[in-house]
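Here are the chains, one letter per residue:
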Amino acid sequence: MQRWPVLLFLAWVCFLFFAGIGLFMSGFLLTRIELASSSSCSDPLVPPPWERQSLPPGSCWAPQRFAKAVLVIIDALRFEFAHFNPAKASPLPYENKLSFLHRLATSQPRHARLYRFRADPPTATMQRIKGLTTGSLPTFIDVGSNFATYAIQEDNLLAQLVQNGRRVVFMGDDTWEGLFPKKFFRSYFFPSFNVKDLHTVDDGILQHLYPTVDSGEWDVVIAHFLGVDHCGHKHGPDHPEMAKKLTQMNEMLRSLVDHLGNDTLLLVAGDHGMTETGDHGGDSEKEVNAALFVYSKTPLFGTSPPEEPEAVPQVNLVPTVALLLGVPIPYSNIGEVMAELFSGDGDAVSAALQQLSVYHINAKQVDRFLHSYSLVAQDLPAEQLQHLQELFSSAMEEHTQLLAQVQGETLVPPELESRLGSLISRFQLYLREARAVCTQSWARFHPLRMVGGCTLIAASCLLCYVASELAASSDSFYRRYLLYPLLWGLVVAVLLGLAHAFTQEGLDLLLVLSWAAAASQLGFFWHWWGQHPKRVRLAGSQPPLATVSLRERLRAWLRLAFPMGILLFRCGAMFSDSFVVAEAQVAPFLLASLVMLLVGKLHWDGRLTVPEGPKQQLLGFSSYRREIWYLLCLVAMLLVCVRLSGFFHQCREEIPQCRPSLFLSPLASLRNTRAKNLFYLLCVALLAGLVYAVRSWLRHYGNLNSSDPLVLFVRWCFPLVVLCIACYWAVASSADDSLGKLQELVQVAVVAFPWAVYGLASVGLLLLLCNPMTVFAKDTRESAGSIVTPYLGVPSSEVNFLHVIPQIYKRMQESQKSRLERGSCKATVAAYGLGSVYSAALVIALTLLGFLLMLLHSERLSLAFLLLFLEAFVLLHIHTRAKGLAGDAEPFSVPWYAVISWLLAASQFFYSTGHQPIFPAIHWNAAFVGFHLDHSTNLLPAVLVGANTFASHILFAG
């Protein structure tokens, strides 16, 4: 086996998979085109009442109603957090804490009002900030940039404020710094990514908020608080810490109102909500249902509030605030103005006329955007655009006619009020349908690219299967089968590049790479098919299967059909939404089914019975081999593990009756001290049990009978790693205010203990990489020591790889022979660790990786990891017993049912470690295990969160 052809072949296969995944993602994660145009005061959008007269100073498009505005964003402020229900005698920790908002709304109904603030998914902070400032809808792919924020180039509310001379002061979440660079008159940014830090951002804002408001050197103040969101991530909403944080926000708002002037508008908004576990990012009701509170010391509303708070899309805030402050609406806005804020103090007719004027501006701005967008993009349906144009034209025409009749005083008040109400409804219909068309179109996928990506991935899987069969029969396979695919792919890439150069079209690099990958796959299969008849002719004039019975042929096909059928069923079912939702239950079922089918196949092949004699026929179960009972016990243990793993599942919002596992939340969220201590002791005991089991296994097979560095590390550092993890769990599970003066020491400990685990695990992996051999020998004449030739790197040939143990014996014989030649006395040799020459290094490596991955999860999920190790151990023994019973004596051949069962087990424990393929289920707190402050780059937190998410795949891949 030559190294470079193998590495090149593996790199090529990786390229094929990446090309397929990239092509699929380009059709699934679509982005909309962002227009570079921006609004200005000179745009011809002024409505009829003001188009023939000058607007007041400082106004643009409409008269300015407020000179100043304060926008308080309380991150993850779910509507239930702001809503006050006096009928609740025993409210939950997150209920009835913002009592000041309720007092303002009830005592001053024309000055204050609470809304349901509907967020558009994805409900991640960066996307919500984008929606709150541009009035547009971020697409699904934008969530990928939530932690790698880029400056917003699209026209937005902050750009309009700055462009029109307004002074904007910001304080809080530093995400705004990346989105709006150099847009603020003054700014106070604080690190936002550490979801375990509840107070740094909020305390920093409170330090600057009141002095800034009192100074008067501002026109708009934006304060983005993060404590509620971080408390949800760390403890969940139903926790005393959430009550403390909401109470702090209530006192902040009470003090802030006292500092406001009569010309100031106060907006208190949540950018999104949170689930019952404190997460967000998806589209469940609790995630999209945020709160918006509007208040002014001057009357705002002309009517009384409705019995139930009105639901308002978040994008509606942008045109509303823009016109209230007298600046143009951002060019790409598709939100609808909140017209009730423009009613004024007049009668119903004058209020309706004011509302019609702002609707007129809003509708002309949206129509201009749709016209401009349709010229550069083709994703808005033409027939729907035509329908919207008809709605817009008829509403505009009727508005002009109505204004002419009002000026001519030809309408009596009852008829006028009816006409005004009807016209307002028509404007609302146009704006809402326009938003619905954009929402539907920007969520549309590209099916052709998605199908092409799936085809590339499926062909790559088939290629890997063919390659595995060919590699087993030929050492020169990699060299012979690599040249043609690379040449085919390179030729297609060059031809496509030249075609783009001659046609002068934009070069889509992803499409070029995808076509090159497809061509290289075609070259591989073409070459393989051309070589296939030659192999048949070389084997003889008669095909081998011609001499095989039909029963044997059927068995040969079924040997592959069972596991491959289950794999294809699982892959095909991924196109079903119902399967994706229920995959956490389906993957364990498929694993158990595959193992049961394996036992049934062994019975069908007669591998579980012994040849029957006259006496055996008289006895019932005596004809079965003794090994079957051990195999059945292993299968029973596997089924028990599969069943127990279901206790660690996270819930999806599509299953409302589901309740998340109590093992997912950290110990710090438990209010019962006794239960917390019991769970802590159980987790530490099981972790110590894992170390004891690993060391006992290594000692049993003779891998700890030496004083080499790796052996000393396993002896002494494994318990030390467990001690560090246990200490970290102890300090991390303590309440923030329970340690008093020791709080500073705790802050050091929550960083030091994880770093100690990182360091010890790294040292162990390096020692393992330098010398993975733990085989030792000693003779009776000399002191104990290793007489095995040191590790010489990766085997240079497949022959060397397949005969590691014989080589060790040979080197031991040569070494012992040379020693005997130098002396006359006889000696005996004792060898330790030969029985686990392959597995000892793997067990040590997986144990170290297990320590690291358990550290990145909550304490009680360590129980799931121990279950993972137990199930992996049982699966290995089942496959070993099955191979022995099937008569397969080749030690390095791995049957496909073993590979697929391993894959299903990895998927099973992806869900059984508290994960789901949805954004709210991502464990963001893993990025700060061992880090107290914010990260300087996004690379390290991405690695930690990725390791946390794919922990089961990492361990099973090892």
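Refer to the preceding data block for the structure.
Each chain has its residues counted from 1, running along the sequence as written. Only residues with pLDDT of at least 70 get local features here, since the model is predicted, and only at 80 or more are side-chain atom pairs given and counted; chain-wide, interface and lining totals rely on the full set of residues. Only heavy atoms go into the side-chain values, all of them from the structure, while hydrogens and water stay out.

Undergrad: I'm lost on the state of the cysteines in this one. Help?
TA: Simply put, the disulfide is a covalent bond whose two ends are the sulfur atoms of two cysteines. Cysteine sulfur atoms that come within 2.5 Å of each other are treated as a disulfide pair. Enumeration over the complete set of coordinates arrives at 1 disulfide. Here Cys 41 connects covalently by a disulfide to Cys 60, the sulfurs 2.0 Å from one another. With a gap of 19 residues between them, Cys 41 in the loop between helix 1 (3-28) and helix 2 (48-51) and Cys 60 in the loop between helix 2 and strand 1 (68-74) connect regions that are remote in the sequence. Residue classification places Cys 41 among the partly exposed residues on the basis of a relative accessible area of 38%. In this text, helices come from DSSP runs of H or I with a minimum length of four residues, and strands from runs of E with a minimum of two, each type numbered from the N-terminal end. The buried label applies to any residue whose accessible area, calculated with a 1.4 Å probe on protein chains only, is under 20% of its type's maximum; exposed applies above 50%, and partly exposed to all values in between.

Undergrad: What am I meant to see in the pairing of strand 3 (residues 168-173) here?
TA: Taking burial as the measure, the 6 residues of strand 3 include 6 buried ones, the bulk of the element. Pairing of strand 3 with strand 5 (residues 220-225) involves 5 bridges; the strand directions are parallel. Bridging across to strand 5, Met 171 finds its partner in Ala 223. Sheet analysis places strand 3 next to strand 4 (residues 186-190), joined by 5 bridges and oriented parallel. Paired with Gly 172 across the two strands is Phe 189, which belongs to strand 4. The pairing criterion is simple: DSSP has to find at least two bridges between the two strands.

Undergrad: Sorry, what's going on with the packing of aromatic side chains here?
TA: Where two aromatic rings form a pair, the distance of their centres and the angle of their planes describe that pair. Pairs were defined over the aromatic rings of Phe, Tyr and Trp, the Trp ring being its six-membered one, requiring ring centres within 6.5 Å. Orientation was assigned from the angle between planes: stacked under 30 degrees, edge-to-face over 60, tilted for the rest. For the structure on display, the rule yields 24 aromatic pairs. With centroids separated by 6.4 Å and ring planes inclined at 5 degrees, the aromatic side chains of Tyr 359 and Phe 427 adopt a geometry described as stacked. With a gap of 68 residues between them, Tyr 359 in helix 13 (residues 348-376) and Phe 427 in helix 15 (residues 413-442) connect regions that are remote in the sequence. For the pair shown, Tyr 359 and Phe 427 are each scored as buried. Relative to Phe 931, the ring of Trp 755 has its centre 5.4 Å away and its plane inclined at 70 degrees; by these criteria the two rings are edge-to-face. Within this pair, whereas Trp 755 is found in helix 26 (residues 743-770), its partner Phe 931 is found in the loop between helix 31 (896-911) and helix 32 (939-949), the two being separated by 176 residues in sequence. Three or more aromatic residues joined by ring pairs make a cluster, and in this case those are Phe 170, Trp 176, Phe 180, Phe 184 and Phe 189. Note on criteria: charge over ring means Lys NZ or Arg CZ within 6 Å of the ring centre, with the direction from the centre no more than 35 degrees off the ring normal. Just above the ring of Tyr 94 sits the side chain of Arg 78; from NZ or CZ to the centre is 5.1 Å.

Undergrad: Just to check I follow, could you spell out the environment of Ser 661 for this structure?
TA: You can see Ser 661 is positioned in the loop between helix 23 (627-645) and helix 24 (673-700). Note: C-alpha distance between Ser 661 and Phe 648 (13 residues apart in sequence) is 5.4 Å. Polar side-chain contacts of Ser 661 include one of 3.1 Å to the backbone nitrogen of Phe 663. For the purposes of these results, a polar contact is taken to be a pair of N or O atoms within 3.5 Å, where, inside protein, one atom must be able to donate a hydrogen and its partner to accept one; residues adjacent in sequence count only when each atom of the pair is a side-chain atom.

Undergrad: Help me understand unusual backbone geometry, please; the structure alone is not making it clear to me.
TA: For residues that are not glycine, phi is negative in most cases, and the peptide bond is trans in most cases. Unlike most non-glycine residues, Ala 76 shows phi in positive territory, near 65 degrees. Following the sequence through the fold, Ala 76 ends up in the loop between strand 1 and helix 3 (79-82). By relative accessible area, Ala 76 is classed as buried at 0%. Notably, Lys 182 is not glycine yet its phi reads approximately 60 degrees, a positive angle.

Undergrad: Looking at this structure, how should I read the pattern of salt bridges?
TA: It is possible for side chains bearing opposite charge to pair when their charged atoms get close. What makes a salt bridge here is a side-chain nitrogen of Lys or Arg within 4 Å of a carboxyl oxygen of Asp or Glu, nothing more. Counted under the stated rule, the structure contains 15 salt bridges. Where Asp 43 meets Arg 368, a salt bridge forms, and the shortest distance between an N and an O atom there is 2.8 Å. Taken together, the residues Asp 43 in the loop between helix 1 and helix 2 and Arg 368 in helix 13 connect sequence positions 325 residues apart. Here the residues in one salt-bridge network are Arg 78, Glu 80, Glu 276 and Lys 286, joined through shared partners.

None of the figures reported here should be taken as evidence of function without further support.
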